[in-house]
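Each chain, letter by letter, is given below.
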2 protein chains.
Amino acid sequence: MTEKEVEKKLSSLFGDDSDVCFSSEFCLSVARSCAAYNLRRASRLVTQAFDQALKPSGLKITQFSLLVAFLLSPESNLAQLAKGLGMDRTTLSRNLRLLEDNGLVRTTPGEDRREQKVEITSQGKTAVLQAMPLWHKAQDRVVGILGEEKWAAMAKDLRIMASNLK
Amino acid sequence: MTEKEVEKKLSSLFGDDSDVCFSSEFCLSVARSCAAYNLRRASRLVTQAFDQALKPSGLKITQFSLLVAFLLSPESNLAQLAKGLGMDRTTLSRNLRLLEDNGLVRTTPGEDRREQKVEITSQGKTAVLQAMPLWHKAQDRVVGILGEEKWAAMAKDLRIMASNLK
DNA sequence: ACTTAATAGGAGTATATACACGCAATATGG
DNA sequence: CCATATTGCGTGTATATACTCCTATTAAGT
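Residues numbered from 1 in each chain as written. Chains lettered and ligands numbered in written order. Predicted model: local features only at pLDDT ≥ 70, side-chain atom pairs only at ≥ 80, totals over all residues. Heavy atoms only, no water.

Caption draft 1: Inspection of the packing of helix H4 (residues 35-54) of chain A against helix H4 (residues 35-54) of chain B at higher detail. At a minimum axis distance of 9 Å, the contact between H4(A) and H4(B) shows a crossing angle of 145°. H4(B) is crossed by H4(A), and the crossing has left-handed handedness. Taken together, the residues of H4(B) that come into contact with H4(A) (itself represented by A:Ala35, A:Ala36, A:Leu39, A:Arg40, A:Ala42, A:Ser43, A:Val46, A:Thr47 and A:Phe50) are B:Ala35, B:Ala36, B:Leu39, B:Arg40, B:Ala42, B:Ser43, B:Val46, B:Thr47 and B:Phe50. (Axes fitted to C-alpha atoms, helices over the stretch in contact; angles between N-to-C directions. Helix = DSSP H or I, 4+ residues; strand = E, 2+ residues; numbered from the N terminus. Left-handed = near helix turned anticlockwise from the far one by under 90°. Contact = heavy atoms within 4.5 Å.)

Caption draft 2: Just the side chain of B:Ser57, in detail. All names here are of chain B. Assignment of secondary structure puts Ser 57 in the loop between H4 and helix H5 (61-72). Take Ser 57: its relative accessible area is 11%, and that puts it in the buried class. Excluding residues that lie within four positions of it along the chain, Ser 57 makes contacts with Gln 130, Ala 131 and Leu 134. (Buried < 20%, exposed > 50% of the residue type's maximum accessible area, 1.4 Å probe, protein only.)

Caption draft 3: Just the pattern of salt bridges, in detail. Residues and elements named next belong to chain A. Counted according to the given criterion, the structure contains 10 salt bridges over all chains. A salt bridge links Asp 51 to Lys 60; the nearest nitrogen and oxygen atoms lie 3.9 Å apart. A relative accessible area of 18% places Asp 51 in the buried class. Assessed through its relative accessible area of 44%, Lys 60 is described here as partly exposed. Ionic pairing is found between Glu 115 and Lys 117, a salt bridge with its closest N-O pair at 3.9 Å. (Salt bridge = Lys/Arg side-chain N within 4 Å of Asp/Glu carboxyl O.)

Caption draft 4: Spotlight on empty space enclosed by the protein. One pass over the full model with this rule turns up 1 cavity of 30 Å³ or more. Lining the largest cavity, in full, are A:Tyr37, A:Arg40, A:Arg44, B:Thr62, B:Ser65, B:Leu66, B:Leu85, B:Met87 and B:Asn95. Among the secondary structure elements, those contributing two or more residues to the lining of the largest cavity are H4 of chain A together with H5 of chain B. (1 Å grid on protein atoms, 1.4 Å probe; cavity = no way out; pocket = protein on both sides within 12 Å on 5 of 7 lines; lining within 4 Å. Points joined across faces, edges and corners; volume = space filled by probe spheres on them.)

Caption draft 5: Fine view of the interface of chain B and chain A. In this complex, chain B contributes 72 residues to the contact, which on the side of chain A involves 72 residues. When chain B packs against chain A, close to 7,100 Å² is buried across both sides, 71% of that on carbon and sulfur atoms. Looking only at chain B, the three residues that lose the most surface to chain A are B:Phe22, B:Leu129 and B:Leu165, adding up to 9% of its buried area. For the interface between chain B and chain A, the tally reads 2 salt bridges. A salt bridge links B:Asp157 to A:Lys150; its shortest N-O distance comes to 4.0 Å. Between chain B and chain A we count 16 residue pairs in polar contact (both at pLDDT 80 or more) in total. Mapped onto the side of chain B that touches chain A, the elements with two or more residues apiece are helix H1 (3-14), helix H2 (17-21), helix H3 (24-33), H4, H5, helix H6 (78-85), helix H8 (122-146) and helix H9 (148-165) of chain B. For the side of chain B that touches chain A, the leading source of residues is H4(B), giving 16 residues. (Buried area = accessible area lost by both parts, 1.4 Å probe. Polar contact = N/O pair within 3.5 Å; in protein donor to acceptor, adjacent residues only side chain to side chain.)

Okay, here's the thing in structure tokens:
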């Protein structure tokens, strides 16, 4: 089947919409409005900014965030943590193993022997302390783009979106 | 060196701040304000929502976005596209290869024989057409959380952040 | 107590992402 | 014209992410 025949078949299947669908205007409106595209792009760029800033500490922003999360919820098991982080359980497991291999956290079985409890090590604490001023610098830079107020509003809305999708 | 000795060393290195730094209050304020954490979490959850919705089409939201981007900028080479997408050049290359392996796009060398031009195939167009109503459904669901207006404002701010970090 | 849920977590596989490095083609300065 | 710089892109490696299936442990129902 030639390309033109396919085009005709598409037209018969989807009607005149198929032309509209491939128009620059339509594609542009999809790209500009798409929640996933806009969030993912910003997320990529912000992640890069933080990772570059954190480089001297040897941590990536994902790892820094995890360590702070462990400090915040030392009693949680992995599933609870994953839920709070809006992250798949298995993703957390794997990110965790990396931190463990680097000696930043320690995992111990809970009383319920199915559970794993996570403890931050002194090495992990040192890393967080080293990273903290670097984090501040990146945070100031990124937040400075919109200004404190707008960022606070966006952060609030991001949390609302997250809590509605969990 | 025991854990306690490490704690003491940390205190002498960083002063009283090290205690403050590990307090729940402080960690909570970091987690609540961190641009990377908040964006990444929302991005993960929104991505999951779109991926689930798009499942019947066989596309992930990343692939759908790329196809729409190719439709929008058929003249761009990979580096230009990557810049527009706020994505590393090599990431785009690899995501592209996947689409090519699945027959959704075709790459041809440009006149400048260093360049690769990307063309969407008829199979790719069919996939986009199939995915479009599914995308709409996910988009409506996600945007509905905040409402059209707030989402439009957030999308605008996300673009501002992105353009300032590129 | 025994059977059956339900729960906590890991392993296999696949995609998404980026950095460091290297190669080929083009552009540029002399 | 040639040497060098620049540009466009691929590969190797590492991390981040999630889905599907699997095992071990505990909870619940009878």
